[in-house]
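Survey of secondary and tertiary structure
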Amino acid sequence: MNLTLKVWRQRGPQDKGRMVTYRVEDVSPDMSFLEMLDVLNERLILEGDDPIAFDHDCREGICGMCGMVINGYAHGEQVATTTCQLHMRHFEDEAVITVEPWRAAPFPVVKDLVVDRSSFDRIIQAGGFISVPAGSAPDAHSVPVKKADADAAFDAATCIGCGACVAACPNGSASLFTAAKITHLSLLPQGQPERDSRARAMVEQMDAEGFGGCTNTGECTASCPKGIPLDTIAQMNRDYLRASK
Amino acid sequence: MAVTGAVLVLFLVGHMVGNLKAFLGADSFNEYATFLRTMGAPLLTYRVALTVVEVVLAVAIVLHMWAAITLARRAGRARPVKYAARRKSQANGYAVHTMRYGGVIVLLFVVYHLLDLTIGVVNPAGWGGTPYERLVASFAPERWWVTAFYVVGVVMVGLHLRHGLWSALQTLGLASGRSHRPLKAAAAAVSAVLVLGFLVVPVAVMIGVIK
């Protein structure tokens, strides 16, 4: 396959940045999107150019490091897929592909396609934990958890914190991320003692970071590589209203 | 957004039911209009209850707009650099993306509607006529463009509610996993009923069923 890429290049946080067009030839349809960028980067290095910076780690869709907006879609148009698991067979030969970083004020661009997602870490630090002595694992079933609750908590816990929800949201809201973390803990017995303070602290931190407000557009869920359901946001709102009483 | 929206939706339901009295004739419609002004009598004097309702609605509208403007401004600040590539919406359909400009159209529609049928300054029957006379005069067949404007306004209200009703339940934490789909269907059904209930009266006047 031969492709034309329009990639966001930005030397550093202070640089204004611009779209740069690259031609990539002989791309295998079996390559992942990141491998295609690796091939381009090897050529750029040989030509003495600066390679395109992008985040990546596990390359098997579970770490949450990779992520770029491809043709306007967070992680590309393929549903429930991270950028590293997006394969070039989903693109047509001679396609023109636009590649941009996550766009949100709380995710400042570090370089090219790399953004600083420390704002997510600060939301977790505000309350996304349980303050219990971390001894050995308790016996199974010593604390019963309803199957439905266990499943819903697990669904929420699959959030990898990649930030695609923010990138896809027309309001730049981090509600799906924050809601997934709150829901994961508030459905389980271990999360109960700090349920109210957690909801309040995490929602307040999310707002303080400068994310937009949620208007329930559902774009977050649609672009989430883990398919975190929109119900988690209702759960977050429920917990927050409960805590505000 | 959710709470003020709920107040306005409750008003819309009552407003629609009241409108349908136009089908029972001029006396029934005018009598209902008089009832609105004498609600709570003799405890409350003329128009007291109605004025309270009007003030509550005005406050709800102002707070609803304030919340909408705040959300839009926060959204603007949260994404200072826009995406170069445009994309199709992947979720929740068309109605979601009409909320902001649709809200402005609904506001303009409400202003015209008040000038037309409440205050009567843009109505051929004017302030002096009975509510029924104003209704029949406004939607007269030769003034078909007024009816057309009402159709646009009311359909915009319908789209606004199509997303707004469900979104309000989600915001208040009342939607959950299993109730998700039924609630969305119910939001669509209520919106459709309100649109049809509101449009049937002006259309009936225009085609001469009500005269």
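Keep in mind the model is a prediction, meaning the values are calculated, not measured.

What follows is about the domain arrangement of chain A. Residue and element names in this part refer to chain A. Looking at chain A, the domain boundaries give domain 1 (3-110) and domain 2 (117-244). For domain 1 and domain 2, the distance between their C-alpha centroids amounts to 28 Å. Between domain 1 and domain 2, the contact holds 18 residues from the first and 19 residues from the second. In total, domain 1 and domain 2 occlude about 1,300 Å² of area from one another, counting both sides; carbon and sulfur atoms represent 61% of this. When the area that domain 1 buries against domain 2 is broken down by residue, the three leading residues are Trp102, Pro106 and Phe107, summing to 40%. Where domain 1 touches domain 2, the interface holds one salt bridge. Where Asp55 meets Arg117, a salt bridge forms, and the shortest distance between an N and an O atom there is 3.3 Å. Across the domain 1-domain 2 interface, the total number found is six residue pairs in polar contact (both at pLDDT 80 or more).

Moving on: helix α1 (residues 33-46) of chain A. Note that an α-helix has 3.6 residues per turn; residues three or four places apart therefore point the same way. All names here are of chain A. Taking 1.5 Å of rise per residue, 14 residues should cover 20 Å, and α1 covers 20 Å from first to last C-alpha, within 8% of that figure. Of all the residues in α1, the buried ones are Phe33, Leu34, Met36, Leu37, Leu40, Asn41 and Leu44. One face of α1 carries all of its buried residues, which in axial projection span an arc of 150°. Those residues of α1 that are exposed and aimed more than 90 degrees away from the buried face are Glu42, Ile45 and Leu46. Those residues of α1 that are buried are in contact with β1 (3-9), β2 (18-24), β3 (69-70) and β5 (96-100). Note on α1: the residue one or two positions beyond its end, Gly48, has a positive phi of about 80°.

Calculation rules
- Residues numbered from 1 in each chain as written.
- Chains lettered and ligands numbered in written order.
- Predicted model: local features only at pLDDT ≥ 70, side-chain atom pairs only at ≥ 80, totals over all residues.
- Heavy atoms only, no water.
- Domains from an automatic or database assignment.
- Contact = heavy atoms within 4.5 Å.
- Buried area = accessible area lost by both parts, 1.4 Å probe.
- Salt bridge = Lys/Arg side-chain N within 4 Å of Asp/Glu carboxyl O.
- Polar contact = N/O pair within 3.5 Å; in protein donor to acceptor, adjacent residues only side chain to side chain.
- Helix = DSSP H or I, 4+ residues; strand = E, 2+ residues; numbered from the N terminus.
- Expected span 1.5 Å × (residues − 1).
- Buried < 20%, exposed > 50% of the residue type's maximum accessible area, 1.4 Å probe, protein only.
- Arc of directions from axis to C-beta.

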